[in-house]
Amino acid sequence: MIVSPNVKPLRPDLKIISDMIEPNSRVLDIGCGDGTLLAYLANQKNVDSRGIELSQEGVNACVALGLSVIQGDADTDLAEYPSDAFDYVVLGQTLQATRNPKDVLETLVRIGRQAIVSFANYGHWRTRLSLLFRGRLPIPAGEHFGWHDNPDIHLCTLLDFLDLCEELGLKIDRGLAVNRHNRIRIIKTGSQTANLNGEQAIFMLSRG
Amino acid sequence: MTDPTSSLNPIANGNLPGHHVELGAEIPLRLDSGAFLGPFTIAFQTYGKLNADKSNAILVCHALTGDQYPAEQHPVTKKGGWWDLMIGSGKVIDTSRYFVICSNVLGGCMGTTGPSSVDPKSGKPYGLEFPVITIGDMVRAQTMLIDHLGIEKLFCVIGGSMGAMQVLEWASKYSNRIYSAVPIAGAPRHSAQNIAFHEVGRQAIMADPDWCQGNYIAQKKRPRRGLAVARMEAHITYLSEPALHRKFGRRLQERDQLSYGFDADFEVESYLRHQGSSFVERFDANSYLYITRAMDYFDLAAEHNGVLANAFCDTNVRFCVVSFSSDWLYPTIESRAVVHALNAVAANVSFLEVETDKGHDAFLLDEPVLHKTLSGFLDGAIRHSGLKL
């Protein structure tokens, strides 16, 4: 699959996700933004790239790159996909912004053989200290919103997420915790250390 | 034979530019109603050049009151064609790259056989003897035209409004004959509200005594008032409340105060009257009845046990579905139903809702986001298909 000849260097978290994806696979990226990851996968890994994006600008940019992207969101536009429609379904930094993260997670592992989910870990030591000493709700590093306009409406820590996966019977195929220097740690189940040190969590999940 | 319509119906006098082909002479077209039609004429216009392997053809499908002249100067109105913004050299549908075909729909009044055409059996205009046609029939006739042109597979079928319905019909029934499909501001079926608006228009025409039970051509009359009212009413549905208000507000038409009468006091009234009266110069009233009926009958899911996704099983077509946020005639939810159906069969689909307050007619207007999206989609389709231009 050929997309645009101009391939931008990937953001570190997207690079980690792209490294999890096998060549020649079918990928759905939910919240695909301007299509950076999809275009990279299409060009570098010959991936059949599809996307879902909420913003008109994002969809416009993606379609202009020759990518197949629909305007929509994870809460309302996933239900119709058949089971195993994709090899991978990617939900990057979007789970906490969904109205019903539980349903979304279940759908991800239904329509994809594997789901790759990344999110900001609110169990990181900085956020804990922020609440403890400053008495203010933490905002993830690099973000400029306040509590009132934070698009993430369902905040969780890495351990909270693992609890939900267990409740839903999901299998954790891989788990990575990433700090602000892009140091990657492998997450062991129930790991207090990863929950304390990882600012971002990236999980690869499948049906149990 | 002298065309009896020529004096009354200048738009069907056969002197228009473009091509005419007679089809269905040997094997008539079997219509959805069960009736047969043939021979019949398709009037069509082309732009650009067909390449050697006949792979660069784009079929443009027109809307209810459109015609086969989307680009360049319109031969009747002398204004730009209805999609002149979109089609031309260097434009989104680039006529220096693509061979663009646009045909007047079956039932139309711009040269393709319709109710104002002469029935070869009687030697008189069909009038209401013309069989009721459907969107499926229009598209079946288009496939015969494409066969006639020797084109195996269209690179793209594109259209807005009723044009989008034809695009969906192509994608559903002839998916192996198209590479990509772009339904814009369309719907997979006519809603009760859509049918209701059309019924008002038809009743306006049929209530005009000059309609003469559909026989107005022979009576040397035309139901101008009825057709004008139908157009005025329909035109409102093509716009949006904010767009109308921005354009006209409550401004008065060439006067300083209210007349306390029923003149066109307001600019918006004058505008609609003008829309109505200019429309009757270029459109046939019976065609309006037949084509609105065809749209009302359109229901893609109904043919597939009520499951729209079944209309697109195993499709290899690349889709780009576009809707407009202020379109209340075919609102975004209708396009989204198409997208969800395509998702259900894991089809290759892009979908964009363009933010605009211009209503349904936005597809005809200067909408940079629409144009940029379509350019990108077509460029992507070229790369994916390996089309050599």
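Glancing now at the overall build of chain B. Secondary structure summary: chain B contains 9 helices and 12 strands in total. Computed over the C-alpha atoms, the radius of gyration of chain B is 21 Å, within 12% of the 21 Å expected from 2.2 N^0.38 for a compact globule of 389 residues. Its C-alpha atoms give chain B principal-axis dimensions of about 65 × 50 × 45 Å. Taking all 389 residues of chain B together, 49% fall into the buried category. For chain B, the proportion of contacts with a sequence separation of at least 24, taken over those separated by at least 6, is 70%.

All right, on to the overall build of chain A then. A count of helices and strands for chain A gives 7 helices and 8 strands. For 208 residues, the compact-globule estimate of 2.2 N^0.38 gives 17 Å, and the C-alpha radius of gyration of chain A, at 17 Å, lies within 12% of that figure. With the C-alpha coordinates aligned to their principal axes, the bounding extent of chain A is approximately 50 × 35 × 30 Å. Taken over 208 residues, chain A has a buried fraction of 47%.

Orientation of helix α3 (residues 56-64) of chain A relative to helix α9 (residues 368-385) of chain B, taken along the N-to-C sense of each, is 30°, at an axis distance of 7 Å. Of the possible angle classes, the one that applies to α3 of chain A and α9 of chain B is roughly parallel. In this structure, α3 of chain A uses Q56, N60, V63 and A64 of chain A to contact α9 of chain B, whose residues at the interface are V369, K372, T373, G376 and F377 of chain B. Within the contact of α3 of chain A with α9 of chain B, the residues separate by chemical class into 4 nonpolar, 4 polar and 1 charged.

Bringing the interface of chain A and chain B into the picture now. Quite often, the size of an interface is put as the accessible area lost when its parts meet. Contacts between chain A and chain B engage 17 residues on the former and 23 residues on the latter. It is α3 of chain A that provides the largest number of residues to the side of chain A that touches chain B, a total of 5 residues.

The next point concerns the pairing of strand β6 (residues 170-178) of chain A. All names here are of chain A. When β6 meets strand β8 (residues 200-207), the two strands line up antiparallel, connected through 8 bridges. In the strand pairing of β8, K171 is matched with S206. Pairing between β6 and strand β7 (residues 184-186): 3 bridges, direction antiparallel. Residue pairing for β7: V178 is matched across the bridge by I184. Linking β6 to β7, which pair antiparallel, is a turn of 5 residues; within it N182 sits at a positive phi near 60°.

Attention now moves to the nonpolar core. Ranked by size, the top nonpolar core spans 171 residues in total, and within it V89 of chain A together with I58, V60, V100, L154, V157 and V167 of chain B carry the most contacts. Counting only domains with at least three residues in this core, you end up with domain 1 (10-193 + 299-385) and domain 2 (194-292) of chain B. Apart from residues lying up to four places away in sequence, V100 of chain B is in contact with T46, Y47, G48, I58, V60, I87, I93 and T95 of chain B.

Turning our attention to the domain arrangement of chain B. Residue and element names in this part refer to chain B. Here chain B is partitioned into domain 1 (10-193 + 299-385) and domain 2 (194-292). Between the C-alpha centres of domain 1 and domain 2 the distance comes to 25 Å. Each side of the interface is counted separately: domain 1 has 32 residues, and domain 2 has 22 residues.

Residues and elements named next belong to chain A. Residues L158, F161, L162 and C165 constitute the buried set of helix α6 (residues 158-167). With its buried residues spanning 100° around the axis, α6 presents them on a single face. Among the structural elements, β5 (112-120), β6, α7 (192-197) and β8 are those in contact with the buried residues of α6. Within two residues after α6, G169 carries a phi angle of roughly 70°, on the positive side.

Residues and elements named next belong to chain A. One can find I153 in the loop between α5 (125-134) and α6. The exposed category is assigned to I153, around which 10 C-beta atoms lie within 10 Å. Once the C-alpha coordinates of I153 and F133 are considered, the two residues, 20 residues apart in sequence, prove to be 23 Å apart.

Here the focus is unusual backbone geometry. In this chain, G38 of chain B is followed by P39 of chain B through a cis amide linkage whose omega measures -5°. A positive phi angle, near 60°, is found at N182 of chain A, a position not held by glycine. As for its position among the elements, N182 of chain A is in the loop between β6 and β7.

We now examine the packing of helix α1 (residues 12-19) of chain A against helix α2 (residues 36-45) of chain A. Residue and element names in this part refer to chain A. Between α1 and α2, whose axes approach to 11 Å, the crossing angle comes to 40°. Viewed along their axes, α1 and α2 adopt a mutual orientation that is oblique. Every pair of crossing elements has a handedness; the one defined by α1 and α2 is right-handed. When α1 is examined against α2, the residues L14, I17 and S18 are found in contact with a partner set consisting of T36, L37, Y40 and L41. Taken together, the residues that form the contact of α1 with α2 break down as 5 nonpolar, 2 polar and no charged.

Each value, and the rule that gives it
Residues numbered from 1 in each chain as written. Chains lettered and ligands numbered in written order. Predicted model: local features only at pLDDT ≥ 70, side-chain atom pairs only at ≥ 80, totals over all residues. Helix = DSSP H or I, 4+ residues; strand = E, 2+ residues; numbered from the N terminus. Rg over C-alpha atoms; globule rule 2.2 N^0.38 Å. Buried ≥ 20, exposed ≤ 12 C-beta atoms within 10 Å, placed from the backbone. Contact = placed C-beta atoms within 7 Å. Axes fitted to C-alpha atoms, helices over the stretch in contact; angles between N-to-C directions. Parallel < 35°, antiparallel > 145°, perpendicular 65-115°, else oblique. Nonpolar A, V, L, I, M, F, W, Y, C, P; charged D, E, K, R; others polar. Pairing = 2+ DSSP bridges. Core = buried A, V, L, I, M, F, W, Y, C linked by C-beta atoms within 7 Å. Domains from an automatic or database assignment. Arc of directions from axis to C-beta. Left-handed = near helix turned anticlockwise from the far one by under 90°.

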